[in-house]
Amino acid sequence: MTGWKDVIAHVASNVEDHYDALKLGLRERLGLGPIHILPYTGHGTRTSLYLSGRVLEDYAVQPAADNDTIWDNLHNMYRRFHTKEIPHARLLARFQDITQEVIADEEGLFHVEMAWEAPLPLENIWHDVQLELLDRADTPASATGQVLIPPPNAQFGVISDLDDTGLKTDVLNLVAMGRNTFLRNAHTRLPFAGVAELYLALQ
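No experiment lies behind these values; they were computed from the predicted model shown.

1. Side note on the overall build of the chain
Phase 1: The secondary structure content of the chain amounts to four helices and nine strands.
Phase 2: Listing every helix and strand of the chain by position from the N terminus yields α-β-β-β-α-β-β-β-β-β-β-α-α.
Phase 3: A burial count over the chain gives 30% of its 203 residues as buried.
Phase 4: Taking contacts inside the chain between residues at least 6 apart in sequence as the whole, the part at least 24 apart equals 57%.
Phase 5: When the accessible surface of the chain is totalled, it reaches about 13800 Å², and 58% of it is carbon and sulfur.

Structure below.
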């Protein structure tokens, strides 16, 4: 028998989906802002690749700079959390002569998986995947995702944590952690001494 926690979670999920649909409908009637395709870094082999990302409206996060103020960093962090996803967006992914149509989920998250027979040449380890938004001629959007395909002689891969591994976060100190996370950026957060050299040595 389904537990009451599962029932509440299911109801809450349905309420959120309906609320998101109403918000999107209202935004569409008022006119959507610029739509952005934000691909994450993908990975693959010489005969396959995997790439994911999100489709968002009016994603206005500014690139980090050394001279950003506390308010600049705080505003950018708010924008990262307060996203306006485009649920069930249709996209066309293109890699060389291979195309694939994908549909994002209710949070605007999409996944591209491709496979082919002839192995890729060994000259490059970075490869581009072109992404194009479909069905929204009034708000066109496109982007280029990058996929890392290591050479066959790579002996290992490195999967690393970031907080208090590469960058100082102070997760045991709530005030310091909040300051590092919300009030600083990629240029002003401090790495631990020797971390960059360690990763370069591994490479």
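From this point on, the discussion continues.
2. With respect to the environment of Pro151
Phase 1: By the secondary structure assignment, Pro151 is in the loop between strand S9 (142–148) and helix H3 (174–182).
Phase 2: Taking relative accessible area as the criterion, Pro151 reaches 36% and is therefore assigned partly exposed.
Phase 3: The spatial distance from the C-alpha of Pro151 to the C-alpha of Asn124 is 8.6 Å, given a sequence separation of 27 residues.

3. Looking at the pattern of salt bridges
Opposite charge on two side chains lets them pair, provided their charged atoms get close.
Phase 1: Inspection of the entire model under this criterion finds four salt bridges.
Phase 2: With a shortest N-O distance of 2.6 Å, Arg90 and Glu101 are connected by a salt bridge. Of this pair, Arg90 sits in strand S5 (residues 90–95) while Glu101 sits in strand S6 (residues 98–103), and the two are eleven residues apart along the sequence.
Phase 3: On the basis of relative accessible area, Glu101 is assigned to the partly exposed category, the value being 44%.

4. So, a nonpolar patch on the surface
Phase 1: A cluster of nonpolar side chains, namely Phe156, Val158, Leu198, Tyr199 and Leu202, defines an oily patch on the protein surface of about 470 Å² accessible area.
Phase 2: Structurally, Tyr199 can be placed in helix H4 (residues 195–202).

5. Section: the side chain of Arg54
Phase 1: Following the sequence through the fold, Arg54 ends up in strand S3 (residues 48–57).
Phase 2: From its side chain, Arg54 meets the backbone oxygen of Glu107 in a polar contact 2.8 Å long.

6. Overview of the nonpolar core
Phase 1: Counting residues in each nonpolar core, the largest one holds 24 residues, and the members touching the most others are Ile37, Leu49, Val55, Phe110, Val112, Val129 and Leu131.
Phase 2: Contributions of two or more residues to this core are made by strand S1 (35–39), S3, S5, strand S7 (109–115), strand S8 (126–133) and S9.
Phase 3: The residues contacting Ile37, other than those within four sequence positions of it, are Arg54, Leu91, Phe110, Leu131, Glu132, Leu133, Ala141, Ser142 and Ala143.

7. Focus: unusual backbone geometry
As a rule of thumb, non-glycine residues mostly have phi less than zero, and peptide bonds are mostly trans rather than cis.
Phase 1: In the Ramachandran plot, Gln96 falls in the positive-phi region, its phi being about 55° despite a non-glycine side chain.
Phase 2: Position of Gln96 relative to the elements: it lies in the loop between S5 and S6.
Phase 3: Of note in the backbone geometry, Asp164 takes a positive phi value of approximately 55° without being a glycine.
Phase 4: Tracing the backbone shows Asp164 in the loop between S9 and H3.
Phase 5: The exposure class of Asp164 is partly exposed, given its relative accessible area of 31%.

8. Comments concerning the pairing of strand S2 (residues 42–45)
Phase 1: With burial as the criterion, only one face of S2 is covered, namely that bearing Gly42 and Gly44; the residues His43 and Thr45 on the opposite face remain uncovered.
Phase 2: Looking at chain direction, S2 and S9 are connected through two bridges and run parallel. Of the residues in S9, the one forming a bridge with Gly42 is Val147.
Phase 3: In this structure, S2 lies alongside S3, joined through three bridges in antiparallel fashion. Looking across to S3, one finds that His43 is bridged to Tyr50.
Phase 4: Where S2 hands over to S3, the hairpin turn is made up of two residues, counted between the paired strands.

9. Describing the pairing of S9
Phase 1: Covered by surrounding structure in S9 are Ala143, Gly145 and Val147 only, the residues Ser142, Thr144, Gln146 and Leu148 on the alternate face being uncovered.
Phase 2: Pairing of S8 with S9, which is carried by seven bridges, proceeds in the antiparallel orientation. If you follow Gln130 over to S9, its bridge partner there is Thr144.

Parameters at a glance
Residues numbered from 1 in each chain as written. Predicted model: local features only at pLDDT ≥ 70, side-chain atom pairs only at ≥ 80, totals over all residues. Heavy atoms only, no water. Helix = DSSP H or I, 4+ residues; strand = E, 2+ residues; numbered from the N terminus. Buried < 20%, exposed > 50% of the residue type's maximum accessible area, 1.4 Å probe, protein only. Contact = heavy atoms within 4.5 Å. Areas by Shrake-Rupley, 256 points an atom, 1.4 Å probe, with all protein chains shown as cover. Salt bridge = Lys/Arg side-chain N within 4 Å of Asp/Glu carboxyl O. Patch = residues over 30% accessible without salt bridge, like charges linked within 9 Å, V, L, I, M, F, W, Y side chains within 5 Å. Polar contact = N/O pair within 3.5 Å; in protein donor to acceptor, adjacent residues only side chain to side chain. Core = buried A, V, L, I, M, F, W, Y, C linked by side-chain atoms within 4.5 Å. Pairing = 2+ DSSP bridges.

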